Amino acid sequence: MKWFKVLEVNNVISEVMRFENCKFRVHTDSCRVQDIETGEIINVDNNSTNDLEVEIINKVSDFDLIEGDEFGIRT
């Protein structure tokens with residue numbers, strides 16, 4: 001496992017209309033994370049093609065992670 005700490009998240013909120021109720025979908029546009037082991041800071045946006053960066057932004061988005069959260073990715 002490789003562990004990261006979320007330093008910053010930029011979310012875009014898109015509105016989804018369903019009947020008379022208003023539901024919101026949060027989508028992560030970009031984020032900045034730190035590799036806990038090496039201290040390396042990684043900037044990721046949703047146009048990334050690097051496999052690790054894609055996995056990072058998907059994890060941040062899927063779990064609605066915020067600044068200060070830590071998460072792991074299997075390597």
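Residues numbered from 1 in each chain as written. Predicted model: local features only at pLDDT ≥ 70, side-chain atom pairs only at ≥ 80, totals over all residues. Heavy atoms only, no water.

1. Focus on the pattern of salt bridges
Here the idea is simple: oppositely charged side chains can pair when their charged atoms come close.
Here is step 1 of the chain: Applying the stated rule across the entire model yields two salt bridges.
Here is step 2 of the chain: When the shortest N-O distance is used, the salt bridge between Arg32 and Glu8 registers 3.2 Å. Here the residue Arg32 occupies a position in strand S2 (residues 21–35), and Glu8 occupies one in strand S1 (residues 2–18), the gap between them amounting to 24 residues.
Here is step 3 of the chain: Look at Arg32 and you get partly exposed, because its relative accessible area is 28%.
Here is step 4 of the chain: Taking the relative accessible area as the measure of exposure, Glu8 reaches 30% and is therefore partly exposed. (Salt bridge = Lys/Arg side-chain N within 4 Å of Asp/Glu carboxyl O. Helix = DSSP H or I, 4+ residues; strand = E, 2+ residues; numbered from the N terminus. Buried < 20%, exposed > 50% of the residue type's maximum accessible area, 1.4 Å probe, protein only.)

2. Let's talk about the confidence of the model for the chain
Here is step 1 of the chain: For the chain, per-residue confidence averages 86 on the pLDDT scale, and 81% of positions sit at 70 or higher.
Here is step 2 of the chain: Confidence scores differ between elements of the chain, with S2 showing the lowest mean pLDDT of 79 and strand S4 (residues 70–73) the highest of 97. (pLDDT = per-residue confidence, 0-100.)

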